Amino acid sequence: GAKARGRGAWCFFHETMTQAARERLELESRLRLALMQGHLQMHYQPQVDIATGRILGAEALVRWNDPQEGLISPARFIPVAETSGVIGPLGEWVLREVCRQGQAWRDAGLPELMLAVNVSPRQFHLTDLAGCASAALADSGFPARLLELEITETALAERTEEARQMLVRLRELGVRIAVDDFGTGYSSLAQLKRFPIDVLKIDQGFIRDIPQSEDDMAISAAIIAMGHSMGLSVLAEGVETEGQLAFLRERGCDTYQGYLCSRPLPAEGFAALLRAQPPQPPQPALHTSAPA
Ligand code: C2E
Ligand code: MG
Ligand code: MG
Ligand code: MG
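Heads up: these notes are all about the structure in this document. Please read all numbers here as calculations on a predicted model, not as lab measurements.

Here is what the cut-offs are and how they apply
Residues numbered from 1 in each chain as written. Chains lettered and ligands numbered in written order. Predicted model: local features only at pLDDT ≥ 70, side-chain atom pairs only at ≥ 80, totals over all residues. Heavy atoms only, no water. Donors = N, O, S within 2.8 Å, 3.2 Å for Na, K, Ca; no water. Helix = DSSP H or I, 4+ residues; strand = E, 2+ residues; numbered from the N terminus. Near = heavy atom within 4 Å. Polar contact = N/O pair within 3.5 Å; in protein donor to acceptor, adjacent residues only side chain to side chain. Disulfide = S-S within 2.5 Å. Buried < 20%, exposed > 50% of the residue type's maximum accessible area, 1.4 Å probe, protein only. Phe/Tyr/Trp six-rings, centres within 6.5 Å; stacked < 30°, edge-to-face > 60°. Expected span 1.5 Å × (residues − 1). Contact = heavy atoms within 4.5 Å.

## Some points on the coordination of the magnesium ion (ligand 3)
Coordination of the magnesium ion (ligand 3) by the protein involves D180 (OD), D181 (OD), E237 (OE) and E237 (OE), with metal-donor separations of 2.2 to 2.4 Å. In primary sequence terms, the donor set of the magnesium ion (ligand 3) follows D-D-x55-E. The distance between the magnesium ion (ligand 3) and the magnesium ion (ligand 2) is 3.9 Å, with D180 acting as a donor to both metals. Remark: E237 occurs in the loop between β8 (233-236) and α11 (242-250) and D180 occurs in strand β6 (residues 176-182); sequence separation between them is 57 residues.

Structure representation (structure tokens):
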């Protein structure tokens, strides 16, 4: 009867939910273990100066190297880390690891690099991000001016006054602030103007269909112009073709990331790429009147 069917439907639903919850819980405890056992690692994707083609820095992207499953994407485990609270210790590990690596590269005599670290919404709003960053910098010796924190536009659109105060604290530490996935969130320009930010990262969704999509070209050009008029540097994410790069260069976009230059690489691979760069050519004498 209807009652039995109803109950059956409920049982079925209940069991699926339990299964999803069980899988989540399992992933969460495996993630905690991976963090403790050193199975997380950072990869580095070059950030390239569009005008000169030189690598100015890198975005650090976390990977989970599971002995059984192989590399697990952050798209799969960062959401679990966010909802479970593992994001606190995970985010702290990422900051410490990137600062450690950055300082190791400086000690090894590599050219000076900006390193960008992703901060997820809950990590931004619910953990002591400024305290964590300041401890990671102090303990590693990596200078704050070389560290950039990427906060998504969506995270900045929530609890905006608290968000602004957190950005001010981070700025006081001397780190740079980038707005990640720009153009996909709902932050107002009025808010953005009040935030101490340095870089806009155009979401790769707007770059993908350049030069076929007139709309995406118009949006990207508008973001570049707006960013520049606000005194910000603009980076394009997900650049894969020469055509996309040519468009961005023409529009005066400052930097880019994407497979066109390189996929994210393990630390050793990234260092090798840097060492292969021709030495910095002598700079044209733009400031001839400046003291030597
Ligand atoms: P995101 O910060 O927007 O990072 C850009 C993503 O685009 C990366 O994916 C990168 O590998 C990918 N990508 C770069 N160039 C290209 C390209 O030319 N074409 C295409 N199709 N994709 C490209 P990934 O590494 O899988 O990271 C996904 C997201 O996970 C990141 O998006 C970020 O939101 C999050 N994430 C990664 N690492 C961390 C971390 O250490 N902490 C936190 N909180 N989140 C992280
Ligand atoms: Mg990012
Ligand atoms: Mg992004
Ligand atoms: Mg993204």
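## Regarding the site of ligand 1
Looking at ligand 1, there are 23 residues lining it, with R63, N118, D180, E240 and Y259 nearest. Residue Q45 places a side-chain N or O atom 3.0 Å away from a nitrogen atom belonging to ligand 1. Contact distances for ligand 1 include 3.1 Å between a nitrogen atom and a backbone N or O atom of V62. Those elements giving two or more residues to the shell around ligand 1 turn out to be β1 (40-49), β2 (55-66), α2 (74-84) and β6.

## Section: unusual backbone geometry
The omega torsion of the bond from I210 to P211 falls at 5°, within 30 degrees of zero and hence cis. Along the chain, the position of P211 falls in the loop between α9 (204-207) and α10 (214-229). For R159, which is not glycine, the phi torsion reads 35° and is therefore positive. Inspection of the secondary structure assignment puts R159 in the loop between α6 (153-156) and α7 (160-173). The phi angle at D181 is positive, at roughly 55°, despite the residue not being glycine. Mapping D181 onto the fold places it in strand β6.

## A word on the state of the cysteines
Under the definition given, this model contains zero disulfides. C99 provides the cysteine sulfur closest to C132, a residue in no disulfide bond, and the two sulfurs are 9.8 Å apart. A disulfide-free cysteine, C261 has its sulfur positioned 14 Å from the sulfur of C253, the nearest such atom. Here C261 falls in the partly exposed class, since its relative accessible area comes to 28%.

## What to know about the packing of aromatic side chains
Applying the stated rule across the entire model yields four aromatic pairs. When the ring of Y44 is compared with that of W105, the centres are 5.0 Å apart and the planes differ by 70°; the resulting orientation is edge-to-face. Residue Y44 is found in strand β1, and its partner W105 is found in helix α3 (residues 87-107); the two are separated by 61 residues along the sequence. By relative accessible area, which is 1% here, Y44 ends up buried. An aromatic cluster of at least three residues, connected via ring pairs, comprises Y44, W105 and F270.

## Focus on α10
Its 16 residues give α10 an end-to-end C-alpha distance of 22 Å, which sits within 8% of 22 Å, the value for a rise of 1.5 Å per residue. All buried positions along α10 are accounted for by D216, M217, S220, A221, I223, I224, M226 and G227. Lining the buried residues of α10 we find β6, α8 (189-194), β7 (199-202), α9, β8 and α11. Phi for G231, located one or two positions after α10, is positive at around 80°.

Geometric values such as these leave the question of function open.
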